[in-house]
Amino acid sequence: MSNLREALEKLRPPYAEELKNFVDREIDGVFKIKSKRLQETKDGKKFLLLTLEDRTGSVRAIDWYNAELNDQVLQPGNVVSVSGKVVYFEEKVQINILNSQSAVKKLTENEYDVERFVGSVKNVEELYKTLLRLVDKVRDNDYKEILKRFFVEDASFAEAFKNAPAGMKIHHAYKGGLLEHSVNVAKIVESVCNIYDDLDKDLLITGALLHDIGKVKEYVINQKGIEVTTDGELMGHILMGVEMLSQKARGISYDKILCLKHLIASHHGEFEWGAPVLPKTPEALVLHFVENMDSKINRVLQIIDKEDREKEWSEYDSNLSRRFFLK
């Protein structure tokens, strides 16, 4: 069986992060078109510049032979098969598309595996059991009731929460990522409360598990990967999260719901980071710091995991504005 798995692994198209191992070789790849731009050289020759991506990263591709035709046929968001030669250009991996009208071909949904564009947490059910254990630790009846209304009594929400990503690109951008991020944040704030015992532990655990609930409506996973919904574009997960909490607040103390709403509304921490209000309680400040830390640590670990460990430094990450030491 292991030999069969190895043989099948060799047959699958390489991921973007693996292309550095195929330099000076021709490959057949499967990618989603992130962007395209028809350009022209000084002597008037047209070429099509494509940015292709999968769940592991992105790569530049150049079509010198069928540029105008493919510019008309292809659109961002299309999933395509690409035949080309992998080269280094300006110190970056690039695919030079072959001279054939079939070198770039749009694929239908049954012609590729969605796993190329969406990874997943392997231990979703175990993570959800951890979440339920955290709910059981909450002693305040109102906070526990709110948590049960979401995670125990609302089966459709619970299923959506288990499968949702926490983002498109930056952190926990895979199936189950929202669950993983929320559980991590709840476990960390629980530990923080063991040091700062004046904090309201029940409020913080509840806020940690609910702070990103709007993301079940902000993102959708389909055959093209993770995409933002219309509701997500027009409202965003913070506003939707506050709204979702209001819908389940019947019979719960107004003051406690207000504190929870503030945690959801302020967890981004700064206006320039998308927070409609700044954290104005100790618990809100802790939640912001902890969820920001977990998102950044996840980002860093993904960067390090994808790098060639023979290198000393990672590639520059524009989101975190730095490279990372790999040794």
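Because the structure is a prediction, the values reported are computed rather than measured.

The rules behind these values
Residues numbered from 1 in each chain as written. Predicted model: local features only at pLDDT ≥ 70, side-chain atom pairs only at ≥ 80, totals over all residues. Heavy atoms only, no water. Helix = DSSP H or I, 4+ residues; strand = E, 2+ residues; numbered from the N terminus. Areas by Shrake-Rupley, 256 points an atom, 1.4 Å probe, with all protein chains shown as cover. Lys, Arg positive; Asp, Glu negative; His and termini not counted. Charge placed at Lys NZ, Arg CZ, Asp CG, Glu CD. Axes fitted to C-alpha atoms, helices over the stretch in contact; angles between N-to-C directions. Parallel < 35°, antiparallel > 145°, perpendicular 65-115°, else oblique. Left-handed = near helix turned anticlockwise from the far one by under 90°. Contact = heavy atoms within 4.5 Å. Nonpolar A, V, L, I, M, F, W, Y, C, P; charged D, E, K, R; others polar. pLDDT = per-residue confidence, 0-100. Core = buried A, V, L, I, M, F, W, Y, C linked by side-chain atoms within 4.5 Å. Buried < 20%, exposed > 50% of the residue type's maximum accessible area, 1.4 Å probe, protein only. Polar contact = N/O pair within 3.5 Å; in protein donor to acceptor, adjacent residues only side chain to side chain. Salt bridge = Lys/Arg side-chain N within 4 Å of Asp/Glu carboxyl O. Patch = residues over 30% accessible without salt bridge, like charges linked within 9 Å, V, L, I, M, F, W, Y side chains within 5 Å. Arc of directions from axis to C-beta. Phe/Tyr/Trp six-rings, centres within 6.5 Å; stacked < 30°, edge-to-face > 60°. Lys NZ or Arg CZ within 6 Å of the ring centre and 35° of its normal.

Asker: Before we move on, could you go through the overall build of the chain and cite the residues and values that matter?
Answerer: Each helix and strand in the chain was counted, giving twelve helices and eight strands. Over its C-alpha atoms, taken along the principal directions, the chain stretches across nearly 70 × 45 × 40 Å. Accessible area of the chain: about 17700 Å², with a carbon and sulfur share of 49%. Between the centroid of the 48 positive side chains of the chain and the centroid of its 54 negative side chains there is a distance of 2 Å.

Asker: Just give me the short version of the packing of helix α10 (residues 237-247) against helix α11 (residues 254-266), but keep the residues and values in it.
Answerer: Where α10 meets α11, the axes come as close as 9 Å, and the angle between the chain directions of the two elements is 165 degrees. Looking at the two axes, α10 sits roughly antiparallel to α11. Handedness of the α10/α11 crossing: right-handed. Contacts from Ile238, Gly241, Val242, Leu245 and Ser246 in α10 reach Ile257, Leu260, Lys261, Ile264 and Ala265 in α11. Of the residues belonging to the contact of α10 with α11, the class tally is seven nonpolar, two polar and one charged.

Asker: Could you give me a rundown of the confidence of the model for the chain, with the residues and numbers involved?
Answerer: As a general rule, the predicted coordinates of low-pLDDT regions are not to be interpreted in detail. Taken residue by residue, the chain gives an average pLDDT of 92. The fraction at 70 or more is 96%. A low-confidence stretch, residues 1-9 (pLDDT under 50), is modelled with zero contacts involving residues beyond four sequence positions or located in other chains.

Asker: Lay out the nonpolar core in plain terms, naming residues and giving numbers.
Answerer: Proteins that are soluble and globular tend to have nonpolar side chains buried together. Ranked by size, the top nonpolar core spans 48 residues in total, and within it Leu131, Phe150, Phe151, Phe161, Leu209 and Leu210 carry the most contacts. At the level of elements, α3 (124-137), α4 (141-151), α5 (155-163), α6 (177-195), α7 (201-210), α10, α11 and α12 (282-306) are the ones that each hand at least two residues to this core. Looking at this core element by element, the count peaks at eight residues for α6. The residues touching Leu210, leaving out its near neighbours within four places in the chain, are Ile146, Leu147, Phe150, Phe151, Leu245, Leu260 and Ile264. Counting 20 residues, the second-largest nonpolar core is a separate cluster that includes Leu48, Leu74, Val93 and Ala103.

Asker: Provide a residue-level description of the environment of Asn78, including the pertinent values.
Answerer: Note on placement: Asn78 falls in the loop between α2 (67-73) and β4 (79-89). When the C-alpha positions of Asn78 and Leu326 are compared, they lie 35 Å apart, and in sequence the two are 248 residues distant. Here Asn78 is in contact with Phe31, Lys32, Ile33, Val73 and Lys106, once residues within four sequence places are set aside. Side-chain polar atoms of Asn78 contact the backbone nitrogen of Gln75, separated by 2.7 Å.

Asker: Explain the pattern of salt bridges to me, using residue names and the numbers behind them.
Answerer: Working definition: two side chains of opposite charge can pair if their charged atoms are close together. Under the criterion given, the structure shown has 15 salt bridges. Between Lys46 and Glu68 there is a salt bridge, with the nearest N and O atoms lying 3.5 Å from each other. Here Lys46, found in strand β2 (residues 46-54), pairs with Glu68, found in helix α2; they are 22 residues apart in sequence, far enough to count as distant. Residue classification places Glu68 among the partly exposed residues on the basis of a relative accessible area of 44%. What emerges from the salt-bridge pattern is a single network uniting Asp140, Asp142 and Lys256.

Asker: Break down a nonpolar patch on the surface for me, with residues and values.
Answerer: A surface patch of nonpolar side chains, about 320 Å² in accessible area, is lined by Leu234, Met235 and Leu239. Assignment of secondary structure puts Met235 in the loop between α9 (230-234) and α10. Using a relative accessible area of 39% as the deciding quantity, one classes Met235 as partly exposed.

Asker: Kindly report on α5, identifying the contributing residues and their values.
Answerer: Among the residues of α5, those classed as buried are Phe157, Ala158, Phe161 and Lys162. Looking down the long axis of α5, one finds its buried residues gathered within 135 degrees of arc, a one-sided arrangement. Opposite its buried face, α5 presents the exposed residues Ala155 and Ser156, each directed more than 90 degrees away. For α5, the elements touching its buried residues are α3, α4, α6, α7, α8 (215-218) and α10.

Asker: Lay out the packing of aromatic side chains with the relevant residues and their values.
Answerer: In the structure shown here, the tally under the stated rule is nine aromatic pairs. Pairing Phe150 with Phe151 gives two aromatic rings, centres 6.4 Å apart and planes at 45 degrees, and the pair type is tilted. Of the two residues, Phe150 and Phe151, both sit in the buried class. Arranged with centres 5.0 Å apart and planes meeting at 75 degrees, the rings of Phe151 and Phe161 form a pair that is edge-to-face. Within this pair, whereas Phe151 is found in helix α4, its partner Phe161 is found in helix α5, the two being separated by ten residues in sequence. An identical accessibility class is assigned to Phe151 and Phe161; each is buried. An aromatic cluster is present here, built from Tyr128, Phe150, Phe151, Phe157 and Phe161 joined pairwise through their rings. In this structure, Lys248 packs its charged tip against the face of Phe150, placed 5.3 Å from the ring centre. Over the ring of Trp273 we find Lys296, and its NZ or CZ is 5.5 Å from the ring centre.

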